[in-house]
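# Topology and contacts: notes
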2 protein chains.
Amino acid sequence: MLLPFVTALLASAAPTATQPPAGSASVLEADENWIAVPDETLVYLDVAGKRVVMQLLPDLAPQNVDLISKLLDDGAFDGGTINRVQENYVVQWGEKPDHDRGDLPDTAPAEFDHERGSGITTIPFGDSYAPQVGFHGQAYAAQDGERWWPIHCYGMVGAGRDMAADSATGGELYVVTGQAPRHLDRNITLVGRVIWGMENLTSLPRGTGALGFYETDKEKVPITMRAATSVPLADRIELETIPTGSSAFAQWVDARANRARDGWFLYSHGAIDICNVPIPVREAD
Amino acid sequence: MLLPFVTALLASAAPTATQPPAGSASVLEADENWIAVPDETLVYLDVAGKRVVMQLLPDLAPQNVDLISKLLDDGAFDGGTINRVQENYVVQWGEKPDHDRGDLPDTAPAEFDHERGSGITTIPFGDSYAPQVGFHGQAYAAQDGERWWPIHCYGMVGAGRDMAADSATGGELYVVTGQAPRHLDRNITLVGRVIWGMENLTSLPRGTGALGFYETDKEKVPITMRAATSVPLADRIELETIPTGSSAFAQWVDARANRARDGWFLYSHGAIDICNVPIPVREAD
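Residues numbered from 1 in each chain as written. Chains lettered and ligands numbered in written order. Predicted model: local features only at pLDDT ≥ 70, side-chain atom pairs only at ≥ 80, totals over all residues. Heavy atoms only, no water.

Here we take up the environment of Arg261(B). Residue and element names in this part refer to chain B. Within the secondary structure, Arg 261 is located in the loop between helix 4 (247–256) and strand 16 (281–283). As for Arg 261 and Thr 244, which are separated by 17 residues in sequence, their C-alpha atoms are 21 Å apart. Ignoring anything within four residues of it in the chain, the contact list for Arg 261 reads Pro 21, Ala 22, Gly 23, Asp 254, Ala 255 and Ser 268. Of the polar contacts made by the side chain of Arg 261, one reaches the side chain of Asp 254; its length is 3.0 Å. (Helix = DSSP H or I, 4+ residues; strand = E, 2+ residues; numbered from the N terminus. Contact = heavy atoms within 4.5 Å. Polar contact = N/O pair within 3.5 Å; in protein donor to acceptor, adjacent residues only side chain to side chain.)

Take unusual backbone geometry next. All names here are of chain B. Positive phi, normally seen in glycine, also occurs at Ala 48, with a value near 50°. Within the fold, Ala 48 resides in the loop between strand 2 (42–47) and strand 3 (50–56). A positive phi angle, close to 55°, is found at Asn 88, a residue other than glycine.

This part takes up the relation of the copies chain B and chain A. Between the two chain copies there is a screw-like relation: a rotation about an axis and a shift along it. Expressed as a screw transformation, the operator carrying chain B onto chain A has a rotation angle of 180° and an axial translation of 0.0 Å, and the superposed copies differ by an RMSD of 0.0 Å. Accordingly, the operation relating the two chain copies is best matched by a two-fold axis. Of the interface residues in chain B, 98% have counterparts in chain A that sit at the interface too, so the contact is made through matching surfaces. (Least-squares fit on C-alpha atoms with pLDDT ≥ 70 in both.)

Here we take up the state of the cysteines. All names here are of chain A. Tallied over the entire structure, the rule returns 2 disulfides over all chains. Covalent S-S linkage joins Cys 153 and Cys 275, the inter-sulfur distance amounting to 2.0 Å. Because the sign of the S-S torsion sets the handedness, a value of about -70° for the bond joining Cys 153 and Cys 275 places this disulfide among the left-handed ones. One end of the pair, Cys 153, is in the loop between strand 10 (147–150) and strand 11 (156–159); the other, Cys 275, is in the loop between helix 4 (247–256) and strand 16 (281–283), and 122 residues separate them in sequence. On the accessibility criterion, Cys 275 (7% relative accessible area) is buried. (Disulfide = S-S within 2.5 Å. Buried < 20%, exposed > 50% of the residue type's maximum accessible area, 1.4 Å probe, protein only.)

Residue and element names in this part refer to chain B. Judged by how many residues are buried, strand 12 (residues 172–176) sits mostly within the fold: 4 of 5 residues are covered. Pairing of strand 5 (residues 90–94) with strand 12, which is carried by 5 bridges, proceeds in the antiparallel orientation. In the sheet register, Gly 94 faces strand 12, and the bridge partner there is Glu 172. By the bridge criterion, 3 bridges tie strand 11 (residues 156–159) to strand 12 in an arrangement that is antiparallel. Its bridge partner being in strand 12, Gly 158 is matched across the sheet by Tyr 174. (Pairing = 2+ DSSP bridges.)

A few words now on the sheet that holds strand 8 (residues 132–136) of chain B. All names here are of chain B. A sheet is described by the order of its strands in space; here 5 strands give the open sequence 6-10-9-8-7, paired in antiparallel fashion. Since the sheet does not close on itself, it has two edges, and those belong to strand 6 (114–115) and strand 7 (121–122), each with one partner. In terms of strand pairing, strand 8 meets strand 9 (residues 139–143) through 5 bridges, oriented antiparallel. Counterpart to Gln 132 in the pairing with strand 9 is Gln 143.

This brings us to the side chain of Arg193(A). Residue and element names in this part refer to chain A. Counting through the fold element by element, Arg 193 comes out in strand 13 (residues 189–196). A polar contact is formed between the side chain of Arg 193 and the backbone oxygen of Gln 138, at a distance of 2.8 Å. When near neighbours in sequence (up to four residues on either side) are disregarded, Arg 193 contacts Val 53, Met 54, Gln 55, Leu 57, Gln 138, Tyr 140, Gly 155, Met 156, Val 157 and Ile 279.

This part is about the sheet that holds strand 3 (residues 50–56) of chain A. All names here are of chain A. Strand order around the closed barrel formed by 8 strands is 2-3-13-11-12-5-4-14, with antiparallel pairing between neighbours. For this sheet, the mean angle separating the axes of adjacent strands, direction not counted, is 35°. Pairing between strand 4 (residues 80–86) and strand 14 (residues 221–227): 3 bridges, direction antiparallel. Paired with Thr 81 across the bridge in strand 14 is Pro 222. (Axes fitted to C-alpha atoms, helices over the stretch in contact; angles between N-to-C directions.)

This part takes up the confidence of the model for chain A. A low pLDDT score tells you not to read the predicted coordinates there in detail. All names here are of chain A. When pLDDT is averaged across chain A, the result is 93; 93% of the residues are at 70 or more. Segment residues 1–15 is flagged for pLDDT under 50; beyond a separation of four residues in sequence, or across chains, it makes 31 contacts in the model. Quick note on the complex model: pTM equals 0.93, ipTM equals 0.92. (pLDDT = per-residue confidence, 0-100.)

Counting residues at the interface gives 49 residues for chain B and 48 residues for chain A. Summed over both partners, the interface of chain B with chain A buries about 4,400 Å², with 53% contributed by carbon and sulfur atoms. Where chain B meets chain A, there are 0 salt bridges. Put simply, chain B and chain A have 30 residue pairs in polar contact (both at pLDDT 80 or more) between them. For the side of chain B that touches chain A, the secondary-structure elements that each account for two or more residues are strand 10 (147–150) and helix 3 (199–202) of chain B. Of the residues contributing to the side of chain B that touches chain A, the split by class is 23 nonpolar, 11 polar and 15 charged. (Buried area = accessible area lost by both parts, 1.4 Å probe. Salt bridge = Lys/Arg side-chain N within 4 Å of Asp/Glu carboxyl O. Nonpolar A, V, L, I, M, F, W, Y, C, P; charged D, E, K, R; others polar.)

With that settled, consider the packing of aromatic side chains. All told, the structure shown has 6 aromatic pairs over all chains when counted by the stated rule. Measuring from ring centre to ring centre gives 5.3 Å for Phe135(A) and Tyr140(A), while their planes differ by 45°; the resulting arrangement is tilted. For the residue pair Phe135(A) and Tyr140(A), the accessibility class agrees, reading buried in each case. The interplanar angle of 85° and the centroid separation of 5.0 Å between the aromatic rings of Trp264(A) and Phe265(A) together place this pair among those described as edge-to-face. Since its relative accessible area comes to 10%, Phe265(A) is described here as buried. Ring pairs connect the aromatic residues Phe135(A), Tyr140(A) and Phe249(A), which therefore count as one cluster. Between the NZ or CZ atom of Arg161(A) and the centre of the ring of Trp264(B), over which it lies, the distance is 3.8 Å. (Phe/Tyr/Trp six-rings, centres within 6.5 Å; stacked < 30°, edge-to-face > 60°. Lys NZ or Arg CZ within 6 Å of the ring centre and 35° of its normal.)

So, on to the pairing of strand 8 (residues 132–136) of chain A. Residues and elements named next belong to chain A. The element strand 8 is largely enclosed, with a buried count of 4 among its 5 residues. Of the strand pairs in this sheet, strand 7 (residues 121–122) and strand 8 are connected by 2 bridges, and their pairing is antiparallel. Directly across from Thr 122, in strand 8, lies its bridge partner Gly 134. What sits between the antiparallel neighbours strand 8 and strand 9 (residues 139–143) is a turn of 2 residues, in which Gly 137 has the positive phi angle 60°.

Residues and elements named next belong to chain A. By secondary structure assignment, the location of Arg 101 is in the loop between strand 5 (90–94) and strand 6 (114–115). A polar side-chain atom of Arg 101 sits 3.0 Å from a polar atom in the side chain of Glu 95. In this structure the side chain of Arg 101 is engaged in a polar contact, spanning 3.0 Å, whose partner is the backbone oxygen of Pro 105.

Next comes the structure, spelled out in structure tokens:
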């Protein structure tokens, strides 16, 4: 017996009588589906000379992102290091140990979830952790009747904290590298997403200490981290994405939930886990 | 508002009036919860001299596992290579290119799912893809009213196939390395699980060809792959696990769904995604 297909398709993705439903490739191939990612939102994390591009998303955590941005402007992360590479979990990096914060606060408040307001763009599929899941801007997110919160899918970036909820310094950041650790949702502040070059983080040697921390300074990989706008134009990378609120993105979700349209696949589940929906990013021509 | 805790706990994990519910650490610390993993089920995949241990699980796919076992006995994988490392998806390796199969068949049948029979050991939490999820032996699995099937969680190993359902040769195997690609469930044959040394696969350089294939022979990483029982005792590794059907494992699932028992965590979801339940494995003393 095949599982029944989910009947509640996204309205905007529903095919007309004459148009077959879109496969994954056709959504990606249509140039009109893509928009430029503004440099103003981007941070270049260079890891032993290899580029990783992170998008800071102030809507997720305004006060934490503000503190991180000020640390960036201060050059706090130039001369920092990758400190932790834990298999199937996170890669974590930090500011240089001797950075003088001057007047900046030591920590930012906990920003784990938010008043729901107009809510997130939902996908019409179930989730093990939350009543509804989808996207808030270019971030993975969930909501119930009263709150929304960003969620720990692959590539999401958070601000490491100690035992206290409000102990994040902004100077230690982590990115999710494996099976989505959704148990971290609502337990720690998410601030953005790595949108390019994840492989330069995930292929690093694993740390052999507890929680995957590197045990010696020699193992720690040197980084720089700079606002994209502070880098000469010639050294930037132009990236494009498909906005999560667009009808093209709704088609993308629908296509990814119905893979048998794509060939090779023989069976469509008619559903998809939110963290299995890649947010497409490409380099501009 | 906090999400309501799921009230349907596993019966065997329900605490008594005098025992608090177990946290993750206490389940792992109790030596009586662990049993030896029999060498007869294990395969050593050595990757550039680093050991990866895979458990072949004949219940998942008897005919495919039989073919793979015969290829192993033939030494088909000694002199093979890692051929593909695709970010957040799979690592794939293959038999040596010039291996003569002799009388062995070229392919094995599709073994994507099975008659349900007595079914799987379920966990009491929802899933985006299947009516019920849990474990079949030491494999992640799902079921509906009529069928059960192994599922693509991190570490699960499958037999690569071409376009036809029955085109798996047994000589090309892949392991899931990132967010569970559950869209592959019921589309390809799963044969086992890597239970040790995943980091020796996941930290390999990503392939730069389509689908993460290495583009030159020089990039391909040499492997050997041998039945553990063919390796001298002194060179084996003794591993232990917690059986998925045990009450200790039910406590483990319950503890992982309620992380605030563990400290640091402030909020428990009272639920967990099946692919977020690690199957504990440790080296024997």
